[in-house]
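# What the coordinates show
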2 protein chains.
Amino acid sequence: MNHAGKSHPHIALNSGEPGIRGLFRFRPEAALPLNQLSEVLLCGDSTLPRGERELIATYVSALNRCRFCYYTHAAFAATRLPDGAALVDQVRADLGAAPVSAKLRALLVIAAAVQESGQRVTELHVAAARAEGATDLEIHDTVLIAAAFCMYNRYVDGLATVAADEPAHYAERAKMTGGYVAVWADALGRAA
Amino acid sequence: MNHAGKSHPHIALNSGEPGIRGLFRFRPEAALPLNQLSEVLLCGDSTLPRGERELIATYVSALNRCRFCYYTHAAFAATRLPDGAALVDQVRADLGAAPVSAKLRALLVIAAAVQESGQRVTELHVAAARAEGATDLEIHDTVLIAAAFCMYNRYVDGLATVAADEPAHYAERAKMTGGYVAVWADALGRAA
């Protein structure tokens, strides 16, 4: 996807860590709320399963062509959904044909609209999700997850951070179960 | 700009507050990190003046056609920059001709690239800002402010929140000096 072949970020980071992790170490004051936001949206209490929330994040990252975020969250989704790895590929290739519930499909359609622009989300998108059983809180969280990944994707790529190409790198990290604030603490060598 | 004439949000909020403030009250767990992020980026220690950071936020919100965020941050920028109200209009109308420093212009060009996509930020954009004296931290913060407003703008408009049309409404709120976490506390009736 992005910056293929580019070997160094736009700014001099203070570590060799890839993607957003190098940015967390460079700017820890911003890293804390960024991770707390991910923690609330992707790991916090919700009627949407964690794997489905990771799939929304993954799908938006694919639409934004952000390699680091896509591989990272695809790996998280793959560990948390039945046949997760295949499902991520199917959603990315053809959402209309992917074997997800009608409700999740309608939420992913909303996420894709948000990826283009907030104004692209229509009454019809929202009514379709509601007709499949989505609650207002689930619709809210879908919009905010999609919007947040439009931020994370731009942050990671706007500074041309480096992303690993080996799927095993991401699969290994996806086994971590401590959540995103733990990732932040790990990156900074601090207690969560 | 967005949703002109539309009188109600896509979901049932638990207050009549406009824009992102109604969303803060609906989802306080997410509101806290969202406001802490704004606080760090727009009010925290930085070699970029607060008014210039608000101008970056305003410019991105204009490019995203987000009425609530644009009017809100235009009013903040106007109170913090010499001839602020006129300057906001000039930047929005024609960045190339607006009377800003060469450094701020180069940072606004980076912000505009981020608004399109992270991949649109080039080595040349970054070299141009650096040649005008921008530090790596200033370039970093510009990218993250622009990325964050691509999130806030999508959040506000993706849920079709209602925005006031009267400039006086925003000018009055811009007199508040407590920062963004104070806004969050005010919206929720909590101590900051």
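Residues numbered from 1 in each chain as written. Chains lettered and ligands numbered in written order. Predicted model: local features only at pLDDT ≥ 70, side-chain atom pairs only at ≥ 80, totals over all residues. Heavy atoms only, no water.

We now examine the overall build of chain A. Secondary structure assignment for chain A yields 10 helices and 0 strands. On C-alpha atoms alone, chain A measures out to a radius of gyration of 16 Å, which is about the 16 Å that the 2.2 N^0.38 rule sets for 192 residues. Taken over the C-alpha atoms alone, chain A extends approximately 50 × 35 × 35 Å along its principal axes. About 7400 Å² of surface is accessible on chain A, with carbon and sulfur atoms providing 54% of the total. Charge centroids of chain A, computed over 18 positive and 20 negative side chains, lie 5 Å from each other. (Helix = DSSP H or I, 4+ residues; strand = E, 2+ residues; numbered from the N terminus. Rg over C-alpha atoms; globule rule 2.2 N^0.38 Å. Areas by Shrake-Rupley, 256 points an atom, 1.4 Å probe, with all protein chains shown as cover. Lys, Arg positive; Asp, Glu negative; His and termini not counted. Charge placed at Lys NZ, Arg CZ, Asp CG, Glu CD.)

A word on the relation of the copies chain B and chain A. Of the transformation placing chain B onto chain A, the axial shift is 0.0 Å and the rotation is 180°, giving an RMSD of 0.0 Å. Classification of the inter-copy transformation places it as that of a two-fold axis. Residue Pro 33 of chain B, judged by its C-alpha, is the member of chain B lying nearest the rotation axis, at 2.3 Å. (Least-squares fit on C-alpha atoms with pLDDT ≥ 70 in both.)

Each partner contributes to the interface: chain B provides 48 residues, whereas chain A provides 48 residues. Of all residues in chain B, Arg 27, Gln 119 and Arg 154 of chain B bury the most surface against chain A, accounting for 18% of the area lost on that side. Inspection of the region where chain B meets chain A yields 2 salt bridges. At the junction of chain B with chain A, the criterion picks out 22 residue pairs in polar contact (both at pLDDT 80 or more). Of all the secondary structure elements, the ones that give two or more residues to the side of chain B that touches chain A are helix H1 (19–26), helix H2 (28–43), helix H6 (102–116), helix H7 (123–131) and helix H8 (136–158) of chain B. For the side of chain B that touches chain A, the element with the highest residue contribution is H8 of chain B, accounting for 15 residues. (Contact = heavy atoms within 4.5 Å. Buried area = accessible area lost by both parts, 1.4 Å probe. Salt bridge = Lys/Arg side-chain N within 4 Å of Asp/Glu carboxyl O. Polar contact = N/O pair within 3.5 Å; in protein donor to acceptor, adjacent residues only side chain to side chain.)

In this structure the tally under the stated criterion is 14 salt bridges over all chains. Where Glu 29 of chain A meets Arg 27 of chain A, a salt bridge forms, and the shortest distance between an N and an O atom there is 3.1 Å. Two residues, Asp 136 of chain B and Arg 130 of chain B, come together in a salt bridge whose shortest N-O distance is 2.8 Å.

Before going further, it helps to examine the confidence of the model for chain A. Per-residue confidence for chain A averages 92 on the pLDDT scale, and 93% of its residues sit at or above 70. Quick note on the complex model: pTM equals 0.94, ipTM equals 0.94. (pLDDT = per-residue confidence, 0-100.)

Along its 16 residues, H2 of chain B runs 21 Å from first to last C-alpha, staying within 8% of the 22 Å computed at 1.5 Å per residue. The element H2 of chain B is largely enclosed, with a buried count of 12 among its 16 residues. (Expected span 1.5 Å × (residues − 1). Buried < 20%, exposed > 50% of the residue type's maximum accessible area, 1.4 Å probe, protein only.)

This part takes up the packing of helix H3 (residues 50–63) of chain B against helix H5 (residues 84–93) of chain B. Residue and element names in this part refer to chain B. Two elements in contact, H3 and H5, have axes separated by 10 Å at closest approach and are oriented at 45°. Between H3 and H5, the angle is such that the two are oblique. Seen along the crossing, H3 lies across H5 with a hand that is right-handed. Of the residues in H5, those touching H3 at Leu 55, Thr 58, Tyr 59 and Ala 62 are Leu 87, Val 88, Val 91 and Arg 92. Here the contact of H3 with H5 is built from residues that sort into 6 nonpolar, 1 polar and 1 charged. (Axes fitted to C-alpha atoms, helices over the stretch in contact; angles between N-to-C directions. Parallel < 35°, antiparallel > 145°, perpendicular 65-115°, else oblique. Left-handed = near helix turned anticlockwise from the far one by under 90°. Nonpolar A, V, L, I, M, F, W, Y, C, P; charged D, E, K, R; others polar.)

So, about the environment of Val 109 of chain A. Residues and elements named next belong to chain A. The residue Val 109 is located in helix H6 (residues 102–116) in this model. A residue is classified by how much of its surface remains accessible, and Val 109, at 34% relative accessible area, is partly exposed. Once the C-alpha coordinates of Val 109 and Pro 82 are considered, the two residues, 27 residues apart in sequence, prove to be 21 Å apart. In contact with Val 109, not counting residues within four places along its chain, are Leu 95 and His 125.

Turning our attention to the environment of Ala 185 of chain A. Residues and elements named next belong to chain A. As for its position among the elements, Ala 185 is in helix H10 (residues 180–188). With relative accessibility at 4%, the residue Ala 185 sits in the buried group. As for Ala 185 and Leu 32, which are separated by 153 residues in sequence, their C-alpha atoms are 8.7 Å apart.

The next thing to look at is the packing of aromatic side chains. Counted by the stated rule, this structure contains 10 aromatic pairs over all chains. Pairing Phe 76 of chain A with Tyr 180 of chain A gives two aromatic rings, centres 5.7 Å apart and planes at 50°, and the pair type is tilted. Pair noted here: Phe 76 of chain A is in helix H4 (residues 67–80) and Tyr 180 of chain A is in helix H10, with a separation of 104 residues, a long-range link. When its relative accessible area of 8% is taken as the criterion, Phe 76 of chain A is described as buried. Geometrically, the ring pair formed by Tyr 71 of chain B and Tyr 170 of chain B is tilted, given 5.4 Å between the ring centres and 35° between the ring planes. Residue Tyr 71 of chain B is found in helix H4 (residues 67–80), and its partner Tyr 170 of chain B is found in helix H9 (residues 167–174); the two are separated by 99 residues along the sequence. Overall, the relative accessible area of 31% leaves Tyr 71 of chain B in the partly exposed class. When its relative accessible area of 4% is taken as the criterion, Tyr 170 of chain B is described as buried. Through pairs of rings, three or more aromatic residues link up here, namely Phe 68, Tyr 70, Tyr 71 and Tyr 170 of chain A. (Phe/Tyr/Trp six-rings, centres within 6.5 Å; stacked < 30°, edge-to-face > 60°.)

Next up on the list: unusual backbone geometry. With a phi angle near 55°, Arg 65 of chain A is a residue other than glycine that sits in the positive phi range. Accessibility expressed as a relative area gives 47% for Arg 65 of chain A, which makes it partly exposed.

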